[in-house]
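Analysis of the macromolecular model
Spelled out, the chains give:
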Amino acid sequence: MRTKNLEDFCTWLEQTPLSESIQQNLWVVPAIQTVHILSIAALFVSVVLINLRLMNLSQTDQSIAYVFTRFGKIVWWSLPLLLLSGGLLIVGEPARSLANDVFQFKMLLLVSVILVTVLLQKRLATDDKYWESTERRQMTARILAIISMSCWVSIICAGRWIAYTYT
Ligand code: HEM
């Protein structure tokens, strides 16, 4: 989706002093991209471990609540870093992402998967055996884990794809 207001906003943003300094210092974008990629690595390893446990495919000697508490922290610490590094990449070249359908799709997926993660974690906050207590809940946890994995993989693909859909 590309509206006139969005284009005007991008034009304004790329003329701000912060955007100009990102554009002029050639080392800044690769440095920010490195932070973005390292944060993706930390986040993705953690979501894989959480989701494998939800699917009963690993760490079955440990409770879902334990695995969620241990690796969930890394997820919630990585996200602000991704937001900050991603935000700076946007400031450096606003139209490249803000007006790009793939970027917008990536953000939609991100909001959706955050909601799924919050839902999973909220249930554990009131009852740490919640996702293990009945067969129906175990099945729901498995389905949510598959949805979550699909969203994270799609977010990574979309992130990489932005560069090839910029016109
Ligand atoms: C939290 C908000 C986020 C924002 C605002 C954001 C923004 C961006 C931006 C602007 C780019 C540069 C795209 C380009 O110009 O080619 C990018 C790249 C990328 N993003 Fe994000 N991102 C966010 C979160 C994430 C998350 C959660 C993931 C995956 C788990 C992710 C995966 C990627 C990947 C794989 C790239 C390509 C990196 C490269 O090829 O150098 N992003 N992101």
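Located above this text is the structure these notes cover.
Scope of this entry: the structure provided in the associated data block. (Residues numbered from 1 in each chain as written. Predicted model: local features only at pLDDT ≥ 70, side-chain atom pairs only at ≥ 80, totals over all residues.)

1. What to know about the nonpolar core
- Among the nonpolar cores identified, the biggest contains 18 residues, and I50, L54, I64 and F68 are the most heavily contacted of them.
- Those elements giving two or more residues to this core turn out to be helix 3 (28–54), helix 4 (64–92) and helix 7 (135–161).
- In this structure, L54 is in contact with I64, W131, A141, R142, L144 and A145, ignoring residues within four places of it in sequence. (Core = buried A, V, L, I, M, F, W, Y, C linked by C-beta atoms within 7 Å. Buried ≥ 20, exposed ≤ 12 C-beta atoms within 10 Å, placed from the backbone. Helix = DSSP H or I, 4+ residues; strand = E, 2+ residues; numbered from the N terminus. Contact = placed C-beta atoms within 7 Å.)

2. Comments concerning the packing of helix 4 against helix 6 (residues 101–126)
- Their axes nearest at 11 Å, the elements helix 4 and helix 6 cross at an angle of 135 degrees. Of the possible angle classes, the one that applies to helix 4 and helix 6 is oblique. Considering only the axes of helix 4 and helix 6, their crossing is left-handed. Along its contact with helix 4, which presents I64, A65, F68, G72 and V75, the element helix 6 presents T117, Q121 and L124.
- Grouping the constituent residues of the contact of helix 4 with helix 6 by class yields five nonpolar, three polar and no charged. (Axes fitted to C-alpha atoms, helices over the stretch in contact; angles between N-to-C directions. Parallel < 35°, antiparallel > 145°, perpendicular 65-115°, else oblique. Left-handed = near helix turned anticlockwise from the far one by under 90°. Nonpolar A, V, L, I, M, F, W, Y, C, P; charged D, E, K, R; others polar.)

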